[in-house]
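Residue-level structural notes
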Amino acid sequence: MARGGARRGGRDLSLENIVEASLRIADENGLEELTIRRIAAELGVGAMTLYSYVRSKDEIFDAMADHVLGGIRIPEADPADPAAVLRAAATGFLDMMRRHPSIVQLMTSRVTISIHSMEGGMEGIIARFLEAGLTPETAVRCYSFLITYALGFAGYQHPRPWGHADRPDSAELRRQRVHFYSSLPVGKFPSVVAIADRLVDLPADDQFDYAVEAFITSVLAAEAHKSSA
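This structure is a prediction, so every number in the text was calculated from the model and none was measured.

Scoring rules and cut-offs
Residues numbered from 1 in each chain as written. Predicted model: local features only at pLDDT ≥ 70, side-chain atom pairs only at ≥ 80, totals over all residues. Heavy atoms only, no water. Salt bridge = Lys/Arg side-chain N within 4 Å of Asp/Glu carboxyl O. Helix = DSSP H or I, 4+ residues; strand = E, 2+ residues; numbered from the N terminus. Buried < 20%, exposed > 50% of the residue type's maximum accessible area, 1.4 Å probe, protein only. pLDDT = per-residue confidence, 0-100. Contact = heavy atoms within 4.5 Å.

A word on the pattern of salt bridges
What the rule picks out here adds up to 14 salt bridges. The residue E42 makes a salt bridge to R24 at a minimum N-O spacing of 3.1 Å. Of this pair, E42 sits in helix α2 (residues 36-43) while R24 sits in helix α1 (residues 15-29), and the two are 18 residues apart along the sequence. The closest approach of N and O atoms between E172 and R175, which form a salt bridge, is 2.8 Å. On the criterion of helical spacing, the pair formed by E172 and R175 is a turn pair, its members being three residues apart in helix α9 (residues 170-182). Accessibility expressed as a relative area gives 37% for E172, which makes it partly exposed. Judged by its relative accessible area of 49%, R175 is partly exposed.

Digging into the confidence of the model for the protein chain
Overall, the predicted model of the protein chain reaches an average pLDDT of 91, with 95% of residues at or above 70. The least confident element of the protein chain, judged by mean pLDDT, is strand β1 (residues 7-8) at 50; the most confident is helix α10 (residues 190-194) at 98. Note on residues 1-5: pLDDT is under 50 here. Beyond four places in sequence and across chains, it has 14 contacts.

Next up, the structure:
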């Protein structure tokens, strides 16, 4: 596979350029809008030029997943504090999926087994869990819960912008959603109407944090119980 030679805007075209352009398109519009022609247009080259770097769109999908998973950033945490280590992993997973919403679609539609993605997205995280004192069984259970919960939550939150606290219009979006719930026919939705001001929090960051903290508390309590038995 070629890795250089074509030019775009005076610069060499590379697989990295192709992956970055593909992520921009997929993150903004969804994987279904990602085509070879669309990527080529984004890069200012002919469609056939891309085939010097990738054989198919599936290969681009694999390269995208490899790039995102391999580059995951997990916040630093005290290795002597397993709760902090688990919390940092949850934060890292969710942040990755927010930066690249298309990774949610990619991870639920294909298996990535490249060395780069497994080093960043699996080995580095599980190593932290083991260093924090978790048993192999518990480390696997924690990894499974945290990555799948982050996948589900990120997918649920993405089309519900009132859940993003960092958006400048989040307060107005929340107000509109409360109004929507409150305006439902009370005869059919008595419970929904009654707690409309709380239902708006379904996709909120606090809900993610609440579930993660509940999980961590449960896991560490179970570990302590096994240790004292």
